[in-house]
Amino acid sequence: MLKSNDVKRRNTYQRKIILDILRSTNIHPTADWIYEQARKEIPNISLGTVYRNLKILKESGQIIEINDGKQSRFDGRIDEHYHFKCISCERIFDIEKEDLSGLKVSNKKNFTIHRIDILITGVCSMCNGEN
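A brief look at the structure comes next. Nothing here was measured: the structure is a model prediction, and the numbers come from that model.

Ile18, Ile34, Ile45, Val50, Leu54, Ile63 and Phe74 are the most contacted members of the largest nonpolar core, which has 16 residues in total. Looking at this core, the elements with two or more residues in it are helix H2 (12-23), helix H3 (31-41) and helix H4 (47-59). For this core, the leading source of residues is H2, giving 5 residues. With residues up to four places along the chain from it excluded, the contact list for Ile18 reads Ile34, Ile45, Thr49, Val50, Asn53, Leu54 and Leu57. By size, the runner-up hydrophobic cluster in this structure holds 5 residues, among which are Tyr82, Cys86, Ile95 and Cys124.

Below, the structure written as structure tokens:
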């Protein structure tokens, strides 16, 4: 039986390919999209392998999972930034921290904050016809 650490060490080539795919795009893809891209490099990779490696990459802090309640999307960019999801075309866009001027988090309960994840929803400029 494999231990948790053994699983994390296995399939490092597959994990590297998945991470490279995520870092090479800014479209915040689904696991299915990542799977299709990974198959171009590793034809026999399974969807389960992609899911397992996405979980490991997320748990190790190498990627971000964005879940809007309907589906998960993934981001290879891990610096502090936020996301905007268009409710019309369903694309996700990065929003820089400085673009949310005036955002202040009150910490009255004295929590230790490690990360703030914000998903803003609305309609993007292309769907608004402002292109």
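Let us now look at the pattern of salt bridges. Scanning the model with the defined rule gives 11 salt bridges in all. Here Asp20 ties to Lys16 by a salt bridge, and the two come within 2.6 Å at their closest N and O atoms. Within this pair, Asp20 and its partner Lys16 are both found in helix H2, separated by 4 residues, close to a single helical turn. In this structure Asp20 comes out as partly exposed when scored by relative accessible area, which is 36%. On the basis of relative accessibility, which here comes to 47%, the residue Lys16 falls in the partly exposed class. The salt bridge partner of Lys97 is Glu80, with a shortest N-O separation of 3.5 Å.

The 3 strands lie next to each other as S4-S3-S5, forming an open sheet whose pairing is mixed. Across the chains shown, the open sheet's two edge strands, defined by having one partner strand only, are strand S4 (92-96) and strand S5 (119-122). The mean inter-strand angle of the sheet, taken between neighbouring strand axes irrespective of direction, is 30°. Bridge count between strand S3 (residues 81-86) and S5: 4 bridges; the pairing is parallel.

Analysis parameters
Residues numbered from 1 in each chain as written. Predicted model: local features only at pLDDT ≥ 70, side-chain atom pairs only at ≥ 80, totals over all residues. Heavy atoms only, no water. Core = buried A, V, L, I, M, F, W, Y, C linked by side-chain atoms within 4.5 Å. Buried < 20%, exposed > 50% of the residue type's maximum accessible area, 1.4 Å probe, protein only. Helix = DSSP H or I, 4+ residues; strand = E, 2+ residues; numbered from the N terminus. Contact = heavy atoms within 4.5 Å. Salt bridge = Lys/Arg side-chain N within 4 Å of Asp/Glu carboxyl O. Pairing = 2+ DSSP bridges. Axes fitted to C-alpha atoms, helices over the stretch in contact; angles between N-to-C directions.

Interpretation note: all reported values are geometric properties and have no functional meaning in isolation.
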